[in-house]
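# Analysis of the macromolecular model
Here is how the chains run, residue by residue.
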Amino acid sequence: MKVTIKEVAELAGVSFKTVSRVVNEEDGVKTELRERVQQAIKKLNYQPNITARRLRGKSATIGFIYNNPNSNYVITMLHGILATCRENRYELVVHPCDSKSSADETYDEIVALTQRSSVAGLVLTPPISENFEIISKLEKAGIKFTRIVSSSEPPKDVERTIYIDDRRAAYQITEHLINQKHRAISFFNGDPEHHSSEERLDGYKAAMRDNNIPIESNLIVSGEYTFESGMQRGKTTLDSDSRPTAIFACNDEIAAGTLFAARMLGINVPEQLSIVGFEDSPFSRQSWPSLTTAKQPNDEIAGHATQLLIDLLSSSSKPGDAEKAHNHGYLPEMIVRESSLPPR
């Protein structure tokens, strides 16, 4: 059960108003009383209602929690969150989590952040936002959050979610290659803890099946969402006797790494090999040739998630309003550029 300000007052042996003054850092409280209240707060692990403080003129803070090796993804998300925070006069705390930490360790880390930085709510991004164990614990602890996940349909477990239909977008990209008469299409996957890797792989498989194209086991190559991983897999896959005519990389960094590997091996793109990516990051536009990809508006997505959180915080004082927060979906848009052509 959440500790109330009344319980703090009883333990400290002071009035409700005295505790309120200490919490809000107001003058007029004797040092002895202030210390007693602070000790009671620490002993009971009391967390003040940040939203109520904001309504009384105090600033509020939102936390952006991420665990992603893709720097462009993080920066673009940050732009969207910051813009929405500025519009609503919220401060922002940015907190990266360790990818090697367990769910319990990550949860403890997030709770410590909310207490240390007086965070009113959190914007959670993959893969933390897709870890049901962490999400369940945060809900039980009464910590408010919105999350961004990869899903082909609205999540049923938690409301206040922005979901991205990676599966359908991946289907469309694969079908684009199939319509160009490619049949040997390899898929370079992303990090397994990110649900987007599974969703995009499912979209690829569905398009291949629907077009009666067999999926050979060697066509699907596991790895990470990094340039280096794309380059390493590109070298191995393209330096074989049965190399594919097209490669669908799970994000643009992987695609750029694969493109670099093809150039090292003297393979011309797109004349001898088509390469497509996902997300429409700067890699896709700055590569030569420019990459066919799926545009994922991460700044808009992050801004939407932040506004959803702020609306939740603003309505939390009204009974039932917080439960009305709904989910919203995004479908990445395919952008055809120079890196994909029909095979010779």
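Structure's up top.
A short tour of the structure in this document, coming up. (Residues numbered from 1 in each chain as written. Predicted model: local features only at pLDDT ≥ 70, side-chain atom pairs only at ≥ 80, totals over all residues. Heavy atoms only, no water.)

## Quick word on unusual backbone geometry
Each neighbour pair has its own omega, and for Pro 126 with Pro 127 the value is 0°, a cis peptide bond. Along the chain, the position of Pro 127 falls in the loop between β3 (119-124) and α7 (132-140). Each neighbour pair has its own omega, and for Val 269 with Pro 270 the value is 10°, a cis peptide bond. Checked against the element boundaries, Pro 270 lands in the loop between α11 (252-264) and β9 (274-276). Even without glycine at this site, Asp 280 takes up a positive phi of about 65°. Note that Asp 280 resides in the loop between β9 and α12 (282-286). According to the relative accessible area criterion, Asp 280 is buried, its value standing at 11%. (Helix = DSSP H or I, 4+ residues; strand = E, 2+ residues; numbered from the N terminus. Buried < 20%, exposed > 50% of the residue type's maximum accessible area, 1.4 Å probe, protein only.)

## Section: empty space enclosed by the protein
Evaluated as defined, the whole model comprises one cavity of 30 Å³ or more. Counted as a void, the largest cavity has a volume near 160 Å³. The wall of the largest cavity is formed by 16 residues, among which Tyr 73, Pro 126, Ser 196, Arg 200 and Glu 279 lie closest to the centre. Going through the elements one at a time, β4 (145-150) and α9 (195-210) are the ones with two or more residues in the lining of the largest cavity. With three residues, β4 is the largest single contributor of residues to the lining of the largest cavity. Taken together, the residues that form the lining of the largest cavity break down as six nonpolar, six polar and four charged. (1 Å grid on protein atoms, 1.4 Å probe; cavity = no way out; pocket = protein on both sides within 12 Å on 5 of 7 lines; lining within 4 Å. Points joined across faces, edges and corners; volume = space filled by probe spheres on them. Nonpolar A, V, L, I, M, F, W, Y, C, P; charged D, E, K, R; others polar.)

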